[in-house]
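Structural overview
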Amino acid sequence: MSDKKLPAKMTGASRRAFMAGTAAMTASLFLPKSLHAADFPTAQINTTGLAVTDDTVTIGILHSVTGTMAISETGSVQAEKLAIEQINAQGGILGRKIEYIQEDGASDWPTFAEKARKLLVNDKVASVMGCWTSASRKAVLPVFEQHNGFLYYPTFYEGLEQSPNVIYTGQEATQQIIAGLDWVSETKGAKSFYLLGSDYIWPRTSNKIARKHIENFLPDSKVVGEEYYPLGHTQFNSVINKIRLRKPDVIYAIVVGGSNVAFYKQLKAAGIDPAGESPMVLTISVTEDEIRGIGGENIEGTYACMKYFQSLQNENNLAFVKAFKDMWGEDIVIGDVTQAAYLGPWLWKAAVEKAGSFDVDKVREASPGIEMTTAPEGYVKIHENHHLWSKTRVGRAQADGQYEVVFETAELVEPDPFPEGYQ
């Protein structure tokens, strides 16, 4: 492996304590099965030359741990490693322990494609947990489809995509963008919106969907401004002045990565206080991971529409948060994409065991209908379109860096990556 699976400081007694806690969590949540490698001969469960031996199976982890996106993607790496540790403590997959090769996309889309090709062609990994931005996903997608790899993609995104080589464990537009706009319109009476985003495919496509929904489906509503800035941008005073002049009811913010730190600090310095509700800020891109860099005092009062918040009070999540902190430190935080990344290895394990094979074609065929009752967010299920059924939630940012959940759908929202009227 190219990276250690436990923090360097975790040795001896601390490691034994962590593993004991992990074993307790997996025993209480995941009902381990007694599967032995001898019952699944390698020649039968690996007919396509993947990195599978009699004892191990190797997967890839592909995220940005350097560059402007590291603030967002580091949590995904941590979550995937936690899931791998827990699965291995339970006995692995088909009696084989998971090993991983980690590559750094470095916040650069061509690098993502290069590293994806390396993982699939040279390393022959059985699956990949990876990407964050839609730009990185779009960069690697042709590689996965050409070489028949299997990607678990954790980020909420714009939809308008469905690949046989991807399982999308985050939410698509109908589950997040449209649901959030409906909530702020119905509960807050919002009528005017200023759309703001980073300059790449996800924010632009998401705001295209948002504009269509605002103008066509929200009564008497309008968009009063729309701006985009490069990734890593740090000077937002000009657009903040425009927002002050146009006085929207809602700043709809899809700024990503490290730019969020500058944006929210400058917003507060300009006297725009989300806690005062005029204008409100509704984001679909700021999780607890980003707040850690922004500072809770700079974003308090902002609303976020996502499917997961660390503050969820259910048995699954409490156990997950404890295990995450035990592994990565008490001060660590967990955001929506981090939790969705955690689902990837578990959903892959379930599909492999259902298929009785690591072959990508067989895992793909077995994936629709896979259920996970023990997800930290609650029950999820893989749809035939490779997205997840999940609930939609709205949280309000608190000074301590956590979100208070103020809204939750009563039922799971069916994923619809190609909603009629929004393409």
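These lines cover the structure that appears in this document, whether it is placed above or below. It should be emphasised that the depicted structure is a prediction, and the values quoted were computed from it without experimental measurement. (Residues numbered from 1 in each chain as written. Predicted model: local features only at pLDDT ≥ 70, side-chain atom pairs only at ≥ 80, totals over all residues. Heavy atoms only, no water.)

**What about the sheet that holds strand β11 (residues 371–372)?**
- As summarised here, the arrangement of the three strands in space is β11-β12-β13, forming an open sheet in which the pairing is antiparallel. Both outer strands of the open sheet, β11 and β13 (388–389), are each paired with one neighbouring strand and no more.
- Judged from the two bridges that link them, β11 and strand β12 (residues 380–382) form a sheet pairing that is antiparallel. Within β12, the position partnered with Met372 by the bridge is Val380. (Pairing = 2+ DSSP bridges. Helix = DSSP H or I, 4+ residues; strand = E, 2+ residues; numbered from the N terminus.)

**Some remarks on the packing of helix α6 (residues 173–188) against helix α7 (residues 201–217)**
- Contact geometry of α6 with α7 gives a least axis separation of 10 Å together with a crossing angle of 45°. As judged from the angle between their axes, α6 and α7 are oblique. Viewed along their axes, α6 and α7 form a crossing whose handedness is right-handed. Residues Ala173, Ile177, Ile178, Leu181 and Asp182 of α6 form the contact with α7, whose participating residues are Ser206, Ile209, Ala210, His213 and Ile214.
- Of the residues in the contact of α6 with α7, the class split is seven nonpolar, two polar and one charged. (Axes fitted to C-alpha atoms, helices over the stretch in contact; angles between N-to-C directions. Parallel < 35°, antiparallel > 145°, perpendicular 65-115°, else oblique. Left-handed = near helix turned anticlockwise from the far one by under 90°. Contact = heavy atoms within 4.5 Å. Nonpolar A, V, L, I, M, F, W, Y, C, P; charged D, E, K, R; others polar.)

**Some words on the environment of Ala135**
- Mapped onto the secondary structure, Ala135 falls in helix α5 (residues 134–147).
- Note on Ala135: relative accessible area 13%, which makes it buried.
- Taking C-alpha positions, Ala135 is 14 Å from Glu73, a pair spaced 62 residues apart along the chain.
- Aside from chain neighbours lying at most four places away, what touches Ala135 is Trp109, Tyr200 and Ile201. (Buried < 20%, exposed > 50% of the residue type's maximum accessible area, 1.4 Å probe, protein only.)

**Thoughts on the nonpolar core**
- In this structure, Phe193, Tyr252, Phe263 and Tyr264 are the most contacted members of the largest nonpolar core, which totals 76 residues.
- Looking at this core, the element that brings in the most residues is α6, giving six residues.
- Excluding residues that lie within four positions of it along the chain, Phe263 makes contacts with Leu196, Phe236, Ile240, Ile251 and Ala253.
- Counting residues in each nonpolar core, the second largest holds 47 residues, with Val57, Ile61, Ile84 and Tyr152 among its members. (Core = buried A, V, L, I, M, F, W, Y, C linked by side-chain atoms within 4.5 Å.)

**Describing the side chain of Ser367**
- Among the secondary structure elements, Ser367 is positioned in the loop between α14 (360–366) and β11.
- Owing to a relative accessible area of 0%, Ser367 belongs among the buried residues under this scheme.
- With residues up to four places along the chain from it excluded, the contact list for Ser367 reads Phe150, Tyr152, Ile167, Ala351 and Ile382.

**Section: the environment of Asp361**
- Its place among the elements puts Asp361 in helix α14.
- According to the relative accessible area criterion, Asp361 is partly exposed, its value standing at 46%.
- Expressed as a C-alpha distance, the spacing of Asp361 and Ser163, which sit 198 residues apart in the sequence, is 13 Å.
- Polar side-chain contacts of Asp361 include one of 2.7 Å to the side chain of Arg364. (Polar contact = N/O pair within 3.5 Å; in protein donor to acceptor, adjacent residues only side chain to side chain.)

**With respect to the packing of helix α3 (residues 70–89) against helix α13 (residues 336–355)**
- Two numbers describe how α3 lies on α13: the axes approach to 7 Å, and their chain directions differ by 35°. The two elements α3 and α13 cross, and the hand of that crossing is right-handed. On α13, the residues that touch Gly75, Ser76, Ala79, Glu80, Leu82, Ala83, Gln86 and Ile87 of α3 are Val337, Thr338, Ala341, Tyr342, Pro345, Trp346 and Lys349.
- Of the residues in the contact of α3 with α13, the class split is nine nonpolar, four polar and two charged.

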